[in-house]
Amino acid sequence: ESCTCGKCGKDLIKIGEDISEQLDVEPAKFFVHRHIRPQYACRACETITAAPIPAAVIDGGMAAVGLLTWVLIGKFLDHLPLYRLEQIAARDGVILSRSTLADWVGRLGVALQPLTDRLAWHLLQRDCLHADETPVPQLDPGNGKTKKAYLWAYRSNDLQTGPKIIVFDYQAGRSGRHAQQFLQDWQGHLIVDDYAGYKALFAAARAHPETQRPLEPCLELACWAHARRKFFDLFQASQSPVAQEALNRIAELYVIEAEGRELATDERERLRAEKSLPVLANLHDWLQQTRLSTAPNSATAKAIDYSLKRWPALTRYAETGDLPIDNNPVENSIRPIALGKKNWLFAGSERAGQRAAVIQTLLGTAKLNGLDPAAWLKDTLEKLPTWPNSRIDELLPFANAD
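These notes cover the structure that comes with them.

Calculation rules
- Residues numbered from 1 in each chain as written.
- Predicted model: local features only at pLDDT ≥ 70, side-chain atom pairs only at ≥ 80, totals over all residues.
- Heavy atoms only, no water.
- Core = buried A, V, L, I, M, F, W, Y, C linked by side-chain atoms within 4.5 Å.
- Buried < 20%, exposed > 50% of the residue type's maximum accessible area, 1.4 Å probe, protein only.
- Helix = DSSP H or I, 4+ residues; strand = E, 2+ residues; numbered from the N terminus.
- Contact = heavy atoms within 4.5 Å.
- Axes fitted to C-alpha atoms, helices over the stretch in contact; angles between N-to-C directions.
- Parallel < 35°, antiparallel > 145°, perpendicular 65-115°, else oblique.
- Left-handed = near helix turned anticlockwise from the far one by under 90°.

So, about the nonpolar core. Membership of the largest hydrophobic core comes to 54 residues, with the highest contact counts inside it found for W104, L112, L115, L190 and Y198. Listed by contribution, the elements that provide at least two residues to this core are α1 (65-76), α2 (82-91), α3 (98-123), β3 (128-140), β4 (145-156), α4 (176-183), α11 (350-368) and α12 (373-383). The element contributing the most residues to this core is α3, with 9 residues. Setting aside residues up to four positions removed in sequence, L190 forms contacts with L129, A131, L183, Y198, L201, F202, L219, E220 and L221.

Within the element layout of this structure, R272 appears in helix α7 (residues 265-292). Residue class for R272 comes out buried when judged on its relative accessible area of 0%. Among all residues touching R272, those that are not within four sequence positions of it are L159, E257, L277, P278, Y317, A318, T320, G321, D322 and L323.

Moving on to the environment of L287. If you trace the backbone, L287 turns up in helix α7. Between the C-alpha atom of L287 and that of L308, which follows or precedes it by 21 residues, the distance is 7.5 Å. Once you skip the residues sitting within four places of it in the chain, L287 turns out to touch F231, I304, S307, L308 and W311.

A packed helix pair is summarised by two numbers, namely the angle formed by the two axes and the spacing between the axes. Remark: α1 packs on α2, axes separated minimally by 9 Å, with the N-to-C direction vectors making an angle of 130 degrees. Considering their axes alone, α1 and α2 lie oblique with respect to each other. Here α1 and α2 pass one another in a crossing that is right-handed. Taking contact as the criterion, the partners of W70, V71, G74 and K75 in α1 are, on α2, L82, L85, I88 and A89.

See the structure below:
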């Protein structure tokens, strides 16, 4: 405030400085883009000329791409129902009806569908996939209730090269035919839980769901996290020493996986052959011996049987260097959906669920590849109206990922 000393009045000399920082935020602001397109007339031939209207992802719509991005990120990434977005806009004096917001979401889902279809194509080029499904309440018109639909999720394997991909497929039910329809003639290793709907994929022979042409079976990879969960629940309920021993032995497998996480595929394969396979062999022997002295139909017997009946599928990963030990990656990708359901409660229709799956696929894949989903989405919505289909891969949410 003053460059003179408060005691003697002499000039002050700078001997250093103290710097402090505070984090602040500026809330979203609504503003209007005004596009002025002069019109010109020719007096001689009475022709009227004007600059063409720029192409937009929603023709004739009042929403700029920034607002459309704000709506999609708010609904599908921050899990805000449309009525809350309506309230947020109203606080700034902007009236956005829920019906208008819902119409935008539906139109954007249609516009972005080709990108999701292309992501699904890329995903099915991989030879190892994760799969899981989660229930989604869907409005049942006329009954005043909801019925159960399902969001199926298919995810790439992080231990293999290439961009990470998550694809959501919204279906009216949990029948295994939905997985067959999505995978079509895909062949490879599929890691799943023990849901019976996947079993047809692992049969000795299966038919293409459309052409009925015979296909080679998929190879099942079982999930060690699910096997562990049986013993964990048993230990939580009864402090069973058998469950504790099983948990300790399974933990050894995960310690080995942590040791090999940063290794190359061939080095991880050698590590698993050296350490994981012996641990698995000892675990199998212990489970068999313990089962002989366990009462039938007891909780302990059921936990042991879960692993023994799936043993080939549980151990298949350890024979390679690039197959996963569990299905946690896809379950982690589904977890935000469970959080969202607590807020938006239900899907309005099967079509609405399908549009939501399109958008969740793209935003989820952007997150997996370390992109800012909002920045990617805004850039894509700006480019999409005039982008050639032959270059669609350049718009996918991993094109610029490291």
